[in-house]
Every structure is written in structure tokens, then in C-alpha cells.
Amino acid sequence: MKDSTNKSLADLGVQTPQQLAAVFAELRADFERDATSVNDDASWKTFRDAWLGRKSGVIANITDNWLKRAPTPELKKAVGQALNEFRAHVEQIIEERRLAAEAAAEQAALARERIDLSLPGLMHPVGTRHPVRQNIRGN
């Protein structure tokens, strides 16, 4: 459904606010599906850019292709309202995913750096070997 944001509403056959609501519901479902795959910092950045990117993000495409090119004032108003709700939802979920990715990275770093204090330490020998022993072993 993300690819449909590159088309105008007329190309999609949307002429009423009810049809527009269905299109936004499909977009929300796509967004939720994509959000479940975000689990680290790199995937979060890709996810954020795909949905909120200024040039080719889904929100920018909706603004350019649906809002600015809406055929009627009634449909333009409906697109604007739906877009604002969708943008708020997208920004909220993206922020939640960012916090989750940061927390996961922090937990992984703590797990790597963890020192088990219950393990026995290194035993350092005290003193040196007796000179006769050194001579016998060749040291």
C-alpha cells in the first residue's frame, strides 16, 4: 500500500471521505506491520526514513500527491484531518520503537561488559623458584 502514495487520489479511485478512510486504514496496517520488524538502531533509521523522510517518505508522498492534488475542498479537508491523525500515530510509534531499540542496545552492551565477580581470580605465584630447581629444569 505504501506504493499507492505515489499516485493521486483520482488514480486510486478515491472520491469520498469514506473511501479515503479505507485507504488510510490500509496504510496504518502496513505501518504496524513494518513497525514490528524494528529491533535495532539501523533498522529503526531505515524505518523512520521510509515513513517520515522529507523527500521520499510516505507522509511526504501523501502530502504531495493526495493533499495538494485533492480534487474537491471536502476531500482535501478529509485528507488533511486523516493525515494529521496518521502522522501523530506514526511519530508516536517511531519514538516508542527508538526507545525500545536504544534499550535493547544498552542491554546488549551491559551483557557484553558484565564481569562475574563470583569467579575465582588469577593466582599469582608468590616469590621465585629455588635456585637448585631452576638449575635442574634449565630455567
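The following paragraphs examine the structure supplied in this document. (Residues numbered from 1 in each chain as written. Predicted model: local features only at pLDDT ≥ 70, side-chain atom pairs only at ≥ 80, totals over all residues. Heavy atoms only, no water.)

**Thoughts on helix α4 (residues 58–67)**
Keep this limit in mind: Exposure classes here rest on a 1.4 Å probe applied to the protein chains alone. A residue is buried below 20% of its type maximum, exposed above 50%, and partly exposed in between. In this description a helix means any DSSP run of H or I spanning at least four residues, a strand means any run of E spanning at least two, and both kinds are numbered starting from the N terminus. Residue contacts are defined here by distance: any two heavy atoms, one from each residue, within 4.5 Å place the two residues in contact.
By the criterion of burial, α4 is predominantly enclosed, with eight of the ten residues buried. Along α4, the residues classified as buried are Val-58, Ile-59, Ala-60, Asn-61, Ile-62, Thr-63, Asn-65 and Trp-66. Here the buried face of α4 lies against α1 (9–12), α2 (17–35), α3 (41–52) and α5 (73–113).

**Some details on the pattern of salt bridges**
Rules: Here a salt bridge means any side-chain nitrogen of Lys or Arg lying within 4 Å of a carboxyl oxygen belonging to Asp or Glu.
Counted according to the given criterion, the structure contains six salt bridges. Here Arg-33 ties to Asp-30 by a salt bridge, and the two come within 2.2 Å at their closest N and O atoms. Highlighted residues: Arg-33 and Asp-30, both in helix α2, separated by three residues, approximately one helical turn. The exposure class of Arg-33 is exposed, given its relative accessible area of 52%. Notably, a salt bridge pairs Glu-102 with Arg-98, separated by 2.7 Å at the nearest N-O pair. Taken as a pair, Glu-102 and Arg-98 lie in helix α5 at a separation of four residues, close to a single helical turn. A relative accessible area of 22% places Arg-98 in the partly exposed class. One salt-bridge network, held together by shared partners, links Glu-95, Arg-98 and Glu-102.

The values reported here are purely geometric and, on their own, carry no functional implication.
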